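Understanding the architecture of this molecule
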Amino acid sequence: MSTNIELSELISDLREQVLFLQELGVDALEVGLPPVVDSGQVTAERGRPAGLSAQPRRGFENRVEKAPPPDKLALPRKDDVAVLRASGSRLAALPSLKDRKAAPVRKGSLRQVPEAPENQAAINMKADEAAVKAAAKLEETTDTIESIRAEIGNCLRCPLHEGRTQVVHTTGNFQAELMFVGEAPGADEDEQGFPFVGRAGQLLTKIIEGMGYKREDVVIGNINRCRPPGNRAPTLPEAHTCRPFLLREIAVIKPKVIVVMGNTALHNLLDTKAGITKVRGEFQDYFGVKVMPTFHPAFLLRDPRKKREVWEDMKKVRDFLAN
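What comes next is a walk through the structure. By convention here, each chain's residues receive numbers from 1 onward along its written sequence. Where local features are concerned, this predicted model is filtered to residues with pLDDT of at least 70; where side-chain atom pairs are given and counted, the filter is 80 or more; whole-chain, interface and lining totals use all residues. To get the side-chain values, take all heavy atoms of the structure and skip hydrogens and water.

**Some thoughts on the sheet that holds strand β7 (residues 284–286)**
Our working rule: One bridge is not enough; two strands pair if DSSP finds at least two bridges between them. Labels follow the DSSP assignment, with helices taken as runs of H or I lasting at least four residues and strands as runs of E lasting at least two, numbered in each case from the N terminus. The contact rule is simple, with two residues in contact once any of their heavy atoms fall within 4.5 Å. Lines fitted to C-alpha atoms define the axes, with helix axes restricted to the stretch in contact, and inter-axis angles between N-to-C directions lie between 0 and 180 degrees.
Taken in spatial order, the six strands of this open sheet run β3-β5-β4-β6-β8-β7, and their pairing is mixed. This sheet does not close on itself; its edge strands, each paired only once, are β3 (171–172) and β7. As defined by bridge partners, strand β4 (residues 178–182) adjoins strand β6 (residues 257–261) across four bridges and the pair is classed as parallel. Paired with phenylalanine 180 across the strands is valine 259, a residue of β6. Its contacts with the sheet place helix α10 (residues 263–270) against β4, β6, β7 and β8 (289–294), and it is angled at close to 130° to β6. Lying on the sheet, helix α13 (residues 307–322) is in contact with β4, β6 and β8; it crosses β8 at an angle near 165°.

**Here's the deal with a nonpolar patch on the surface**
Threshold: A residue counts toward a patch only above 30% relative accessible area and without a salt bridge, and it is joined to like-charged neighbours within 9 Å or, for Val, Leu, Ile, Met, Phe, Trp and Tyr, to nonpolar neighbours within 5 Å. The Shrake-Rupley method, run with a 1.4 Å probe, gives the accessible areas here. Residue values count only the displayed protein chains as cover. Only one rule defines a salt bridge in this text: a Lys or Arg side-chain nitrogen within 4 Å of an Asp or Glu carboxyl oxygen.
Side chains of Leu7, Leu10 and Ile11 sit close together on the surface and give an oily, nonpolar patch of about 270 Å² of accessible area. With respect to the secondary-structure elements, leucine 10 resides in helix α1 (residues 2–23).

**Some thoughts on empty space enclosed by the protein**
Take a probe with the size of a water molecule and roll it over the atoms, and the empty space left behind shows itself. Rules: Cavity: a set of points on a 1 Å grid over the protein atoms alone where a 1.4 Å probe fits but cannot get out. Pocket: an open set with protein on both sides within 12 Å along at least five of seven lines, its lining residues, like those of a cavity, having an atom within 4 Å of a point. Grid points are joined across faces, edges and corners, and a volume is the space filled by probe spheres set on the points. As a working rule, the residues Ala, Val, Leu, Ile, Met, Phe, Trp, Tyr, Cys and Pro are called nonpolar, Asp, Glu, Lys and Arg charged, and the rest polar, with Gly in that last group.
In the structure shown here, the tally under the stated rule is two cavities of 30 Å³ or more. Considering only enclosed or pocket space, the largest cavity measures out at about 120 Å³ in volume. Looking at the largest cavity, it is lined by 16 residues, and the ones nearest its centre are Cys155, Cys158, Arg225, Cys226 and Cys242. With four residues, helix α9 (residues 236–253) is the single largest residue contributor to the lining of the largest cavity. Considered as a void within the structure, the second largest cavity measures approximately 30 Å³ in volume. What lines the second largest cavity is Phe180, Leu204, Ile207, Val259, Met261, Thr294, Phe295, Pro297, Val310 and Met314. Contributions of two or more residues to the lining of the second largest cavity are made by α8 (199–210), β6 and α13. Each residue belonging to the lining of the second largest cavity can be placed in one class, and the counts come to nine nonpolar, one polar and no charged.

**A word on α9**
Here is the rule: Given the number of residues in a helix, its expected span is that number minus one, multiplied by 1.5 Å. Each residue is assigned a bend, namely the angle between axes fitted to the seven residues that terminate at it and the seven residues that start at it.
Between the first and last C-alpha of α9 there are 25 Å, a value that for 18 residues agrees with the 26 Å anticipated at 1.5 Å per step. The principal kink in α9, of about 35°, is found at arginine 243, preceding the proline proline 244 by one to four residues. Packing partners of the buried residues in α9 comprise α6 (145–152), β4, β5 (219–222), β6, α10 and β7. The first or second residue beyond α9 is lysine 254, which carries a positive phi of 55°.

**Brief notes about the nonpolar core**
Operational definition: By nonpolar core is meant a set of buried Ala, Val, Leu, Ile, Met, Phe, Trp, Tyr and Cys residues that side-chain atoms within 4.5 Å join together. With a 1.4 Å probe rolled over the protein chains alone, any residue whose accessible area is under 20% of its type maximum counts as buried; one over 50% counts as exposed, and the rest are partly exposed.
Among the nonpolar cores identified, the biggest contains 43 residues, and Leu178, Phe180, Ile258, Val259, Met314 and Val317 are the most heavily contacted of them. Here this core gets five residues from one element, more than from any other, and that element is β6. In contact with valine 259, not counting residues within four places along its chain, are Leu178, Met179, Phe180, Val181, Met292, Thr294, Met314 and Val317.

**Examining the packing of aromatic side chains**
Spelled out, the test is: Aromatic rings from Phe, Tyr and Trp, taking only the six-membered ring of Trp, are treated as a pair when their centres fall within 6.5 Å; an angle between ring planes under 30 degrees marks them as stacked, one over 60 as edge-to-face, and anything in between as tilted.
Evaluation of the coordinates by the stated rule reveals three aromatic pairs. Judged by centre distance (5.4 Å) and plane angle (50°), the ring pair of phenylalanine 283 and phenylalanine 320 falls under tilted. Taken together, the residues phenylalanine 283 in the loop between α11 (276–279) and β7 and phenylalanine 320 in helix α13 connect sequence positions 37 residues apart. Each ring, one from phenylalanine 295 and one from phenylalanine 299, has its centre 5.1 Å from the other, and the planes form 40°; the classification is tilted. Classification of phenylalanine 295 by relative accessible area gives buried; the value is 6%.

What follows is the structure in structure tokens.
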């Protein structure tokens, strides 16, 4: 009885392995089997004790005669895979081929599957989109800074209006080639009505002067125009409500370089999830305008060691504008 059970398990295991190969796309296997030996030889090789019968069990000869030719083993139909999985066999424990992580194809493997055409099409589409974006320029607009401010008015579009003192608009030279964009007003900005006038703003003024400009030579603004409670970062809905007005101002001003300071400005201007630490110091593109990501001046007040990195970023901006 145990021999029948072992043979049944062996056949079941072999069948499941063959079905797995069929999933991989193998249509047939070349099988090289050893020559048939007589029962006595088998007994001797297996070390069968003397006196035990080496005759095959009744009915086994017929099953052997019905086996496929030894040089070619046809694989089962694809439907058999689903049947085995539904029946609860050990093949059901294996994830389907489409759910398995692709292993690297080694030299001499059975089959190398070419990349699906739709995957290549998706790659080409992304490349085309990147090329279009790189070639895009700021569109001409009939907006003016005055018309944008008038449209903003006494803004009640997001909850930030409930705690603000006043709306803090973008200020500076609206024909400037250099623009700075931060996150949102703080307490001093909310009180005075101008961006970057607190401690962080004073540090920004020194950075601008170190580049060879005066504060009135550049444009300074924020993603949000109302102070968030406790100087927290604007939420995504708050930023998305206010951001369009800044983008329209950029289309009016058409600066050559925009310095985005901190993650909030970076994420909302470039529509990216990359962190400021990862991309700072390298020019990005916004519809043909160079964008330099760098740390926010408020962050420099907390970690003065980063001032050198910001200065390296600003030297790149200065040199670009000088050339």
